[in-house]
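# Observations on chain architecture
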Amino acid sequence: MQTQACDVLVVGGGPAGSTCAWQLRQAGLDVLVMDKHTFPRDKVCAGWITPAVVASLGLDLDDYAAGRALQPIRGFRIGTIRGAEANIRYDAAVSFGIRRCEFDDYLLRRSMARLALGESVKSMVRDQGAWLVNGRFRTKLVVGAGGNFCPVARLLGVDREEGEAIVVAQETEFRVPARGRGESGPGADVAQIYFCPDLKGYGWCFPKGDYLNVGLGREDTHRLSEHVEQFRGWLQQRGAIPDELPGRFCGHAYVLYTESRRRLLDDGVILIGDAAGLAYPRSGEGIRPAIESALIAATIIRDAAGNYSRANLAPYAERLAHRFGDRKPEREAAAWLPQRLRHFLAAKLLATKWFTRNVVVDRWFLHSGQRPMVPGPRAAE
Ligand SMILES: Cc1cc2nc3c(=O)[nH]c(=O)nc-3n(C[C@H](O)[C@H](O)[C@H](O)COP(=O)(O)OP(=O)(O)OC[C@H]3O[C@@H](n4cnc5c(N)ncnc54)[C@H](O)[C@@H]3O)c2cc1C
């Protein structure tokens, strides 16, 4: 079999991999992206991105929206499942609904990297100072961007032995023309978020043009399907979704940044996105950290100028810590209160406009206090 050489091999063509490839191509490197799927492919995800993601990707929204779903979100309905809820509005779009099958394909094609699609990483061995992947790709640097179950992350292992707590989630996406959703609904530009009564997760109903994405994620891995079924039944009872859903719920898992123990780099290897375990605690948003980590990694790789020793890649870990903080589990607020009282108080807070707007949406979901990272040679914060 003939060997193909490239400067950098990116494993995984999701938002992390395609963003890193895009930036490295702009710096003149020969980049090859390998993905086990052919594109367009779907990815289990609610498909919600913030304006920070749009800025970090330098997305031209008019170009993107030509023939693709792009739903500006200007309002939220937030509460607890079967509990009280609050409606909040914004003057401008604070979020966008995209379809991952379209978004990921768009970003991957835009990267201008060479593509090896429909090929899974089967082997990765060191050979004469380089990596030999699948016996046919030779490179000095492998970027692991293969998501939560990335084979490159598995090769690197974890930093500590106690393991990682994962978030598990299921979603389904189906076509419901916006005008067929009934007058009583919250409106085509409103995202609905409902926390589980035990506060260990939340369900969502997210519009994107003629599509709806419905799902639920939890930090507790037990009986997820039961929680999803109950949430689906409740949404159907209140007429928020059709009685018959055309597709089934699909699941996936990921690691929150504060829980992650992944080893981020080694000689000739660096992890980005879900492969590095970077999703935001509380919201579980992973696309923004995937893209920001890709921008940071691209800067470090460029500066390394072909010498991808562990020492030369080490500033990547420092810059991630600077951007996202320490990797240690968050202490639950008011942990000293009895659990039932905490849940009771939380349900009350989740029904107030002040808390849902300033804390839940602005702080937990939009991270509006954190300025977007801009692409370019220094990936400035
Ligand atoms: C139900 C659910 C809802 C979510 N909703 C949101 C949301 O609304 N907004 C948000 O910001 N985040 C959301 N997330 C998180 C978000 O989906 C991820 O954080 C994001 O996709 C990470 O991007 P990535 O590029 O790191 O990995 P991925 O998007 O997972 O891409 C990894 C790629 O690697 C490829 N790959 C995997 N293994 C191999 C292999 N062995 N060989 C070759 N290729 C391989 C895969 O095919 C895939 O294309 C959600 C997650 C779940 C589970």
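Going by the structure above, here's the rest.
The structure contained in this document is the topic of the report that follows.

The N-to-C vectors of helix H1 (residues 15-26) and helix H4 (residues 100-110) enclose an angle of 20°; their axes lie 8 Å apart at closest approach. Compared by their axis directions, H1 and H4 come out roughly parallel. When the axes of H1 and H4 are compared, the crossing they make is left-handed. The segment H1 lies against H4, with Pro15, Ser18 and Trp22 engaging Arg100, Phe103, Asp104, Leu107, Leu108 and Arg110.

A word on the environment of glutamate 219. Relative to the helices and strands, glutamate 219 resides in the loop between strand E17 (211-218) and helix H6 (224-237). Glutamate 219 sits 34 residues away from alanine 253 along the chain, and the two C-alpha atoms are 9.8 Å apart. In this structure glutamate 219 touches Ile166, Val167, Lys200 and Leu256, once residues within four positions along its chain are discounted.

Bringing the sheet that holds strand E3 (residues 31-35) into the picture now. Strand order in the open sheet formed by six strands is E9-E3-E2-E13-E20-E19, with mixed pairing between adjacent strands. Only two strands of the sheet have a single partner each, and these edge strands are strand E9 (114-117) and strand E19 (265-266). Two strands pair when backbone bridges link them, and strand E13 (residues 141-144) and strand E20 (residues 269-271) are joined in this way by three bridges, in the parallel orientation. The partner of glycine 144 across the bridge, within E20, is leucine 271.

Here we take up the pattern of salt bridges. This structure, assessed with the given rule, holds 20 salt bridges. Between aspartate 210 and arginine 175 there is a salt bridge, with the nearest N and O atoms lying 3.5 Å from each other. Taken together, the positions of aspartate 210 in the loop between strand E16 (201-208) and E17 and arginine 175 in strand E14 (residues 166-175) put the pair 35 residues apart, joining distant regions of the chain. Of the residues examined, aspartate 210 reaches a relative accessible area of 29% and is grouped as partly exposed. Linking arginine 223 and glutamate 226 is a salt bridge whose minimum nitrogen-to-oxygen distance equals 3.0 Å. Salt bridges sharing common partners tie together Arg41, Arg100 and Asp104.

The next thing to look at is the pairing of strand E7 (residues 85-89). Burial of the side chains of E7 is restricted to one face: Ala86 and Ile88 are buried, whereas none of Glu85, Asn87 and Arg89 on the reverse face is. Note that strand E6 (residues 75-80) and E7 share five bridges and pair antiparallel. Each residue of the ladder has a partner; that of isoleucine 78, found in E7, is alanine 86. The hairpin turn running from E6 into E7, its antiparallel successor, is four residues long, and arginine 82 in that turn takes a positive phi close to 65°.

Another aspect to go through is the packing of aromatic side chains. Taken as a whole and assessed by the stated rule, the structure comprises 16 aromatic pairs. Plain terms: the ring middles of tyrosine 64 and tyrosine 106 are 5.0 Å apart, the flat faces sit at 85° to each other, and that makes the pair edge-to-face. One end of the pair, tyrosine 64, is in helix H3 (residues 61-65); the other, tyrosine 106, is in helix H4, with 42 residues separating them in the sequence. Since its relative accessible area comes to 0%, tyrosine 64 is described here as buried.

Around the ligand, 37 residues are found, and the nearest of them are Asp35, Arg41, Arg100, Asp274 and Ile287. Here tryptophan 48 contributes a backbone N or O atom positioned 2.9 Å from a nitrogen atom of the ligand. Here a nitrogen atom of the ligand and a backbone polar atom of valine 121 are 3.1 Å apart. The fraction of the free accessible surface of the ligand (1000 Å²) that becomes covered by protein chains is 94%. Looking at the shell around the ligand, the elements with two or more residues in it are H1, E3, E14, strand E18 (250-255) and helix H7 (287-304). A per-class count over the shell around the ligand returns 17 nonpolar, eleven polar and nine charged.

What counts as what
- Residues numbered from 1 in each chain as written.
- Predicted model: local features only at pLDDT ≥ 70, side-chain atom pairs only at ≥ 80, totals over all residues.
- Heavy atoms only, no water.
- Axes fitted to C-alpha atoms, helices over the stretch in contact; angles between N-to-C directions.
- Helix = DSSP H or I, 4+ residues; strand = E, 2+ residues; numbered from the N terminus.
- Parallel < 35°, antiparallel > 145°, perpendicular 65-115°, else oblique.
- Left-handed = near helix turned anticlockwise from the far one by under 90°.
- Contact = heavy atoms within 4.5 Å.
- Pairing = 2+ DSSP bridges.
- Salt bridge = Lys/Arg side-chain N within 4 Å of Asp/Glu carboxyl O.
- Buried < 20%, exposed > 50% of the residue type's maximum accessible area, 1.4 Å probe, protein only.
- Phe/Tyr/Trp six-rings, centres within 6.5 Å; stacked < 30°, edge-to-face > 60°.
- Near = heavy atom within 4 Å.
- Polar contact = N/O pair within 3.5 Å; in protein donor to acceptor, adjacent residues only side chain to side chain.
- Areas by Shrake-Rupley, 256 points an atom, 1.4 Å probe, with all protein chains shown as cover.
- Nonpolar A, V, L, I, M, F, W, Y, C, P; charged D, E, K, R; others polar.

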